[in-house]
Protein chains: 2
Amino acid sequence: MDNLKKYIRSVPDFPKKGINFYDITTLLENPTGFNLALDAMEKFIVQKNPTKLVCIESRGFIFGAALSSRMNIGFVPVRKPGKLPYKTISEEYDLEYGSDKVEIHADVLNADDKVVIVDDLLATGGTMEAVCKLVEKCDSQIVGISTVIDLNFLPWREKLSKYEVDYLISYDSE
Amino acid sequence: MDNLKKYIRSVPDFPKKGINFYDITTLLENPTGFNLALDAMEKFIVQKNPTKLVCIESRGFIFGAALSSRMNIGFVPVRKPGKLPYKTISEEYDLEYGSDKVEIHADVLNADDKVVIVDDLLATGGTMEAVCKLVEKCDSQIVGISTVIDLNFLPWREKLSKYEVDYLISYDSE
C-alpha cells in the first residue's frame, strides 16, 4: 500500500539526533488518507473475526477507536501505569535504558475472547510483546496484530513470530 | 441522554480517596454504547460544520478519531509536551499543584479553519481552556466543544463561557 506513504511525513532528528521519525499526524489530518488506512486495516481484521480490539495508548487509540466504531467490536484500552481506574493487571518490559509497564483492566477480557491488537507502528516490538502477554494472562486468544507501519530494520519479528501480523507500509531504513 | 449512563462505571476512590471516577472504558467495550455516544456527538458537530476536529490526548483521541473517520473531517491531536514530532506551539496551564502544558503542531491549523474540540469530559476546564487558547493562537475559529460527560459541580463553565459546548450526560456530585 505504498500510496499511503504520501500522507506520512518524515521528521529528521526526532525524538533524538540521527533518528528519522515517520509522522502519522499528516495522515490523520487528511480524512481520505486516514480512511484509506482504516479500510485496509479493517480488511485484515474482519477475516480474524475478533470479539475485542485491544488498543495501545496513545496512537493505537486513534486507529483502534475508529475501527471499533465502524466494525462494531468492543474497544479495550491498554494504558500506561496508573491511568486505568478499575482493577488492573500489568506487564513490565525492558527499554534501551530502564523499563516500562502496560496495564489492562482485569475484568475486560476472558477465555471466550478472540483479540486483535491495534497500534500504529511496529519497531522493536517490546511494547507489543508485553501487550500480547497481558492478553494471554487474561486467557484470551490473540487472533491477529494490526498496525499501519512496519520499521523492518528493527527487530519486532523475532518477538512476535507466533502471531499473525498485518501492516500497511514498510520502511527499510531510518 | 441518561440512557448512556448505564454504560458508565462509577469507581470509588480514584485517582485518590474520596473522588468518584466516572469510567468510560465500560462504554467503549460495548459497541452499542460507544456508537450511541458517537451518534449524539455527531449530531451536534455536523451543525457546526467544522473543517477540523482538535482532539485531546488520550481519551479525546478515542471519540475524536471515530468521529473524524465517520464524518470525513481531519483529526488534529493535542498532546502532552514532547510527543509531537514536528514544530509545535504550546500553552501552559495551572493545576491544583504546579502546572501542565499542551502542544499542537504549528502548521496544522490556519485562519480558514473552523474547529470543534473533542474530549471525553469537562471538569475544572483547565485543559480545555488551554486547548482553546492554542487553537486561537493558530488564528482558527472555535465553532464548538463536544464531550461525553459534564461534571456540573466543577467550574468549567466559567472558563468556557464564550464557547458553544455540547455534552451528553451530567453528574451532579462525585
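Nothing here was measured: the structure is a model prediction, and the numbers come from that model.

Turning our eyes to something else, we now look at empty space enclosed by the protein. Here the structure, examined in full by the defined rule, presents 2 cavities of 30 Å³ or more. Roughly 80 Å³ of volume is contained in the largest cavity. Lining the largest cavity we find 13 residues, and of these Ile24(A), Thr25(A), Arg59(A), Arg79(B) and Leu84(B) sit closest to its centre. Looking at the lining of the largest cavity, the elements that each hand over two or more residues are strand 2 (20-23), helix 1 (25-28) and helix 3 (59-71) of chain A. The calculated volume of the second largest cavity comes to roughly 40 Å³. Lining the second largest cavity are Val76(A), Pro77(A), Leu84(A), Ile104(A), His105(A), Val108(A), Thr25(B) and Glu29(B).

Residue and element names in this part refer to chain A. Note that Thr26 resides in helix 1. Within the structure, the side chain of Thr26 is placed 3.2 Å from the backbone nitrogen of Arg9, a separation counted as a polar contact. At a separation of 3.2 Å, a polar atom in the side chain of Thr26 contacts the main-chain carbonyl oxygen of Asp23. Sequence-distant contacts of Thr26, that is, excluding residues within four places in its chain, are made with Tyr7, Ile8 and Arg9.

All names here are of chain B. Two elements in contact, helix 2 (residues 31-48) and helix 3 (residues 59-71), have axes separated by 10 Å at closest approach and are oriented at 65°. Here helix 2 is positioned roughly perpendicular relative to helix 3, judged by the angle of their axes. At the point where helix 2 passes helix 3, the crossing takes the right-handed sense. Counting all contacts with helix 2, which are made through Phe34, Asn35, Ala37, Leu38, Asp39, Met41, Glu42, Ile45 and Val46, the residues of helix 3 involved are Ile62, Phe63, Ala66, Leu67, Arg70 and Met71.

Here we come to the nonpolar core. In this structure, Phe63(A) and Phe63(B) are the most contacted members of the largest nonpolar core, which totals 70 residues. If near-sequence neighbours (up to four positions away) are discounted, Phe63(B) is found in contact with Ile24(B), Leu27(B), Leu28(B), Phe34(B), Ala37(B), Leu38(B), Met41(B), Val118(B), Asp120(B) and Val148(B).

Residue and element names in this part refer to chain B. Pairing is parallel in the open sheet, where 5 strands are placed in the order 4-3-7-9-11. The sheet is open, and its two edges are formed by strand 4 (74-78) and strand 11 (165-166), each paired on a single side. Bridge count for strand 3 (residues 52-56) against strand 4 is 5 bridges, and the pairing is parallel. The residue bridging Cys55 from the neighbouring strand is Pro77, located in strand 4. Its contacts with the sheet put helix 2 on strand 3, strand 7 (114-118), strand 9 (141-146) and strand 11, and the angle it makes with strand 9 is roughly 165°. Strands strand 3, strand 4 and strand 7 of the sheet are contacted by helix 3, whose axis makes an angle of about 160° with strand 3.

What follows deals with the pairing of strand 3 (residues 52-56) of chain A. Residue and element names in this part refer to chain A. Most of strand 3 is tucked away, with 5 of its 5 residues classed as buried. Residues Lys52, Val54 and Ile56 point to one face of strand 3 and Leu53 and Cys55 to the other, with burial holding for every one of them. Handedness of the crossover joining strand 3 and strand 4 (residues 74-78) through helix 3 is recorded here as right-handed. For strand 3 and strand 7 (residues 114-118), the ladder comprises 4 bridges, and the chain directions are parallel. Bridging from a neighbouring strand, Val54 pairs with Ile117 of strand 7.

Conventions we followed
- Throughout this description, residue numbers start from 1 for each chain and increase along the sequence as written.
- Key to labels: chains lettered from A, ligands numbered from 1, both in the order written.
- The predicted origin of the model limits local features to residues at a pLDDT of at least 70 and limits the giving and counting of side-chain atom pairs to 80 or more, whereas totals for whole chains, interfaces and linings rest on all residues.
- Computation of side-chain values: all heavy atoms of the structure, hydrogens and water removed.
- Residues are said to line a cavity or pocket when one of their atoms sits within 4 Å of a point; the points come from a 1 Å grid over protein atoms alone, cavities being sets where a 1.4 Å probe fits but cannot get out and pockets being open sets with protein on both sides within 12 Å along at least five of seven lines.
- Grid points are joined across faces, edges and corners, and a volume is the space filled by probe spheres set on the points.
- Every helix listed is a DSSP run of H or I at least four residues long, and every strand listed is a run of E at least two residues long, numbered separately from the N terminus.
- Here a polar contact is recorded for every N or O atom pair within 3.5 Å, except that within protein the pair must consist of a potential hydrogen donor and a potential acceptor, and residues adjacent in sequence are included only if both atoms are side-chain atoms.
- In this analysis, two residues are considered to be in contact whenever any of their non-hydrogen atoms come within 4.5 Å of each other.
- To obtain an axis, a line is fitted to C-alpha atoms, over the contacting stretch when the element is a helix, and the angle between two such axes runs from 0 to 180 degrees between their N-to-C directions.
- An angle counts as roughly parallel when it lies under 35 degrees, as roughly antiparallel when it exceeds 145, as roughly perpendicular when it falls between 65 and 115, and as oblique in every other case.
- By definition, turning the near helix anticlockwise from the far helix through less than a right angle yields a left-handed crossing, and turning it clockwise yields a right-handed one.
- Among the buried residues, those of types Ala, Val, Leu, Ile, Met, Phe, Trp, Tyr and Cys that are joined through side-chain atoms within 4.5 Å form a nonpolar core.
- Three exposure classes are used, based on accessible area relative to the maximum for each residue type with a 1.4 Å probe and protein chains only: buried under 20%, partly exposed in between, and exposed over 50%.
- Here, any two strands with at least 2 DSSP bridges between them count as paired.
- Consider the strands pointing away from the viewer: the crossover is right-handed when the path from the first strand over the helix to the second runs clockwise.

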